[in-house]
Amino acid sequence: MGKTILVVDDSASVRQVVGLALRGAGYDVIEGVDGVDALSKLDGRKVHLIISDVNMPRMDGITFVKETKKLAAYKFTPIIMLTTESADGKKAEGQAAGAKAWVVKPFQPAQMLAAVSKLILP
Amino acid sequence: MSFEDEMRSAMATFVVEARELLQDMETGLLGLENDTDPEEAIGAIFRAAHTIKGSSGLFGLDHLVRFTHVLESVLDRLRNDEIAVSPELVGALLPCCDHLGRLMSAVEEGRLDEDPALAAEGVALHARLEPYLTDAAAPAPADDAPAPADTTTADAADTAAGQGAMHLSLRFGVDCLRSGMDPLSFIRYLSTLGEIRDVRVLDGLFPDAAAFDPESSYLDFEVTLETTADVASVSDVFEFVREDSEITVLAAGSPAADYATLVTGSGELAGAVAEVLVTSGALTPRALEEALAQAGSAVEVTGTAPAAPAAAAPAPDTQTPAAAAPAAVAGVPAQSRTGGTAAAQPPATAAKTVSAAAKTPAAKTAAPAGGQAAAGAAREARSIRVDALRLDRLIDVVGELVIAGAGAGLHATTNGDETLLASISELMRLVEEVRDSALQLRMVPIGTTFSRFQRVVRDVSADLGKDIALVISGGETEVDKALVEQIGDPLMHLVRNSMDHGIESAEVRAERGKPARGTLRLNAYHDSGSIVIEVTDDGGGIDPEKVLAKAVERGLVEAGASLSEQDIYQLIFEAGFSTAAQVSDLSGRGVGMDVVKRNVTALRGMIEVESKVGVGCTMRIRLPLTLAIIDGFLVGVGSASYVVPLDRVIECVELPPNSDLRDCMDLRGEVLPFIRLRSLFGIDGERPRRENVVVVEYAGMKVGLVVDALVGEFQTVIKPLGMLFGHVNGIGGATILGNGDVALIIDVSMLVRHYGERQAERDLVVAR
């Protein structure tokens, strides 16, 4: 059984490529299209890592991280934020909210895998 | 699926997604100027650029990333109110959307590297955006500016790498577990960079059971790593925890002073650290001892100023209180010589916990992005994308189901089995529901097609030097997807034509007392089984006399022919009415009005023109709701069956006796011309004693169709006629009856229009 990673991004192609890279590395991947959708996936199942975009409709990444931290079952789940170099403020906000790890967009799948494997075992 | 296939599929997703985002971006940009509260729109536009850039990076499309980056920077400044919305800005951004569209097309065609021509275009577009970027901020991407600490240590490491083992001192923040950062995971990751020779766990900060918090991290680690990687890449492993932790990476052969600083900086763990350093062979006890003595004095001299050579450790690492340092320095050498531990050391300060807590920024309240709830995105969450081909297949099968159901119904009727009839009728009710739902799947609001014209009107009015506003209504009207795709081109031509020839120049408008700004309206609505799309302008209208004169000149009609106004308007759709010489380069893009008409007719629709000279003109396209299934009315002529679209049927009456030589009848005081299908289609055989007339209406004109038998309503699945029969007038398709026979579907509009010609033919047949 691989570890489960929740990938949250409003872009279907990002989810597809990230999912492809992670599955290739032996992880199980579930997806969320925005914060609201992603929260609904945090329904008690074991999630070992969350990767979330910041800019999303309905519920943005920062709010999503804060909400996740309120859930007892997921408060220790590491979260990787997808930030942009132009948004240092967002990165600080994300870290304050509890997402300590980040990957700067645009990234190559390999960079994402490196960040993930720093945090959890495949 | 192989990896390559999956990537290709992801790339296809990307292209589709990017196109949608570009459409959103364009719509957003066009709305910006009129928007009273543009914040939401700007957010959406920014997000579109941001997403395209992010995805492009994933696919390694660097030229797209570069181009979008500048766009994103400008939009970011717009979002932060650093620059204001202006027509010039919108004018500079719109071509960027187009350019991105072209770049996407190139990607779609498999050209993943930058096209030189497109690159030049991109540079020109960037130049237009230049004024909206700050002088310095824009061209400096962040990766040019890594943390300065890393650069200095990297230099040191380059000289030292490979000469021995690297030493890492890891003081994880007490809260790291709470953030999901597992120290062991990082240490394990280290092994991907080299070979871990030794890991020492320092538990000196482990509290008493009473004070122990199971969610906190108390353990510290000293790691000896054999690696060829440089210090910067090794310390990058810890970038996620660096902020709340104290991570020191010392390359093999680092100056002894650096080790001394590490030891002195370790507070109450200093003794243990010194021991590890010596035992791991990083340096000799004497070297450390000497360095510590020196460092001790250095600390005393410089006070609390951060010690410069503190390797990759962030500045706060050196915040050891000045008072504690000499004590530690004094105590350590003795202990390391005697092999003692640091356990006896009095706790100077709870350095680690204090620094970790102090550095945790007070939780800032992030502005919730409630306003970002764009309707479109919300829709995405609830909808799924389906291949149109699968949908067509479903509709096709549902069509077959309808036919099969009708067949079963026929048999049940023939057998007279009451219970079977009852269940068949229930079945048919459900099948009809399935049919309606299936057709509903293909219905899309026409608004998306309409909003494309915002851009067209903007660009074309700029080209023509006319001020024209586009007013859209009825965008929520749902139309079959196939129709939407095919109506775009004719609509485009009508819009261009109205702007070009319809709406007058500002001077003429002023003369006629009209507002300087011309108005073009796009409207859509449902009207008794049809969808109606209107293109209305408040221009000069069509002058019937001029049209007629020109038609005569072109030899389209005989001079002196008397035509109704509507007939005259229809002349503008005749091939050969307009010639290249008269068509401006705008409308004259190879599509004449005759092509518009042909396209609309091919969709079983028609165009009406309503015009008033000097006031304006409305082009009204009338189309069937769907192209797949219709409710039909089945009639019989001899042994043949025909289907008349039910929404055209007004009523059925009996043909009055003694009508043989007539071509019209009296319908309650009204003259009703009729067409004999028997003669029209040349059907042999005895005429029945009594014939019936199906009264049909199209565009306000009533005509009777004379048939032998009225069979009744019939669910008709339209099977298009083959290429060979494509030009047969009066037949819109075929269908299969329940008993397997083929029935032709009557195209009422064609029949009504060619009714005059048919009449002549009929006369011939009758005369024979």
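### Details of helix H16 (residues 418-441) of chain B
- Taking 1.5 Å of rise per residue, the 24 residues of H16(B) would be expected to cover 34 Å, and the 35 Å separating its terminal C-alpha atoms lies within 8% of that figure.
- Of the positions making up H16(B), those classed as buried are B:Ile424, B:Met428, B:Val431, B:Arg435, B:Ala438 and B:Leu439.

### Brief notes about the confidence of the model for chain A
- Of the residues in chain A, 95% have a pLDDT of 70 or more, and the chain-wide mean is 84.
- The secondary-structure element of chain A with the lowest mean pLDDT is helix H4 (residues 88-97) of chain A, recorded at 75, while strand S1 (residues 4-8) of chain A shows the highest, at 92.

### As for the sheet that holds strand S8 (residues 518-527) of chain B
Residue and element names in this part refer to chain B.
- Sheet architecture is open: five strands sit in the order S6-S8-S9-S11-S10, paired in mixed fashion. If you trace the sheet from one side to the other, it starts and ends with strand S6 (468-473) and strand S10 (606-612), each paired once. Neighbour to neighbour, the strand axes of the sheet diverge by 15° on average, direction disregarded.
- Here eight bridges tie S8 to strand S9 (residues 530-537), and the two strands are oriented antiparallel to one another. Along S9, the bridge assignment pairs His-526 with Ile-531.
- Most of the contacts of helix H17 (residues 447-464) go to S6, to which it runs at about 170°, and overall it touches S6, S8 and S9.
- The strands that helix H18 (residues 481-502) touches are S6, S8, S9 and strand S11 (616-624); relative to S9, the one it contacts most, it runs at about 20°.

### Describing the nonpolar core
- With 108 residues, the main nonpolar core has A:Ile51, A:Val116, B:Leu168 and B:Phe238 as its most contacted residues.
- It is helix H4 (residues 87-108) of chain B that provides the largest number of residues to this core, a total of twelve residues.
- Mapped onto the domain boundaries, this core takes at least three residues apiece from domain 1 (3-144) and domain 2 (148-350) of chain B.
- If sequence neighbours within four positions are ignored, B:Leu168 has contacts with B:Leu190, B:Phe221, B:Glu222, B:Val223, B:Leu225, B:Val234, B:Phe238, B:Thr248 and B:Val249.
- In this structure, B:Val460, B:Ala524, B:Tyr569 and B:Val596 belong to the second largest nonpolar core, which totals 43 residues.

### Points about the packing of H17(B) against H18(B)
All names here are of chain B.
- Put simply, H17 and H18 touch, their axes get as near as 10 Å, and they point 30° apart. Considering the angle they form, H17 stands roughly parallel to H18. Note that H17 runs across H18; the crossing there is right-handed. The residues of H18 that touch H17, namely those facing Thr-449, Phe-450, Arg-452, Phe-453, Val-456, Val-457, Val-460, Ser-461 and Leu-464, are Val-484, Gly-488, Leu-491, Met-492, Val-495, Arg-496, Met-499 and Asp-500.
- Looking at the contact of H17 with H18 residue by residue, the classes come out as eleven nonpolar, three polar and three charged.

### A look at the sheet that holds S1(A)
Residues and elements named next belong to chain A.
- Read from one edge to the other, the open sheet built from five strands follows the order S2-S1-S3-S4-S5, with strand pairing classed as parallel. Looking at strand neighbours, the two that pair on one side only are strand S2 (28-32) and strand S5 (101-105), the edges of this open sheet. This sheet shows a mean twist of 20° between the axes of neighbouring strands, independent of strand direction.
- Pairing of strand S4 (residues 79-84) with S5, which is carried by five bridges, proceeds in the parallel orientation. Within S5, the position partnered with Leu-82 by the bridge is Val-103.
- Relative to S2, helix H1 (residues 12-24) is tilted by about 165°, and along the sheet it contacts S1, S2 and strand S3 (49-53).

### Some points on the interface of chain A and chain B
- Taken together, the contacts link 48 residues of chain A with 53 residues of chain B.
- For the chain A face of the interface with chain B, the top three residues by lost area are A:Leu20, A:Lys100 and A:Lys118, together amounting to 16%.
- At the junction of chain A with chain B, the criterion picks out one salt bridge.
- Between B:Glu215 and A:Lys75 there is a salt bridge; the shortest N-O distance is 3.5 Å.
- Linking chain A with chain B are 15 residue pairs in polar contact (both at pLDDT 80 or more), by the criterion used here.
- If you list the elements that add at least two residues to the side of chain A that touches chain B, you get H1, helix H3 (61-69), H4, S5 and helix H5 (109-119) of chain A.
- Ranked by residue count, the leading element in the side of chain A that touches chain B is H1(A), at eight residues.

Procedures and definitions
Residues numbered from 1 in each chain as written. Chains lettered and ligands numbered in written order. Predicted model: local features only at pLDDT ≥ 70, side-chain atom pairs only at ≥ 80, totals over all residues. Heavy atoms only, no water. Helix = DSSP H or I, 4+ residues; strand = E, 2+ residues; numbered from the N terminus. Expected span 1.5 Å × (residues − 1). Buried < 20%, exposed > 50% of the residue type's maximum accessible area, 1.4 Å probe, protein only. pLDDT = per-residue confidence, 0-100. Pairing = 2+ DSSP bridges. Axes fitted to C-alpha atoms, helices over the stretch in contact; angles between N-to-C directions. Contact = heavy atoms within 4.5 Å. Core = buried A, V, L, I, M, F, W, Y, C linked by side-chain atoms within 4.5 Å. Domains from an automatic or database assignment. Parallel < 35°, antiparallel > 145°, perpendicular 65-115°, else oblique. Left-handed = near helix turned anticlockwise from the far one by under 90°. Nonpolar A, V, L, I, M, F, W, Y, C, P; charged D, E, K, R; others polar. Buried area = accessible area lost by both parts, 1.4 Å probe. Salt bridge = Lys/Arg side-chain N within 4 Å of Asp/Glu carboxyl O. Polar contact = N/O pair within 3.5 Å; in protein donor to acceptor, adjacent residues only side chain to side chain.

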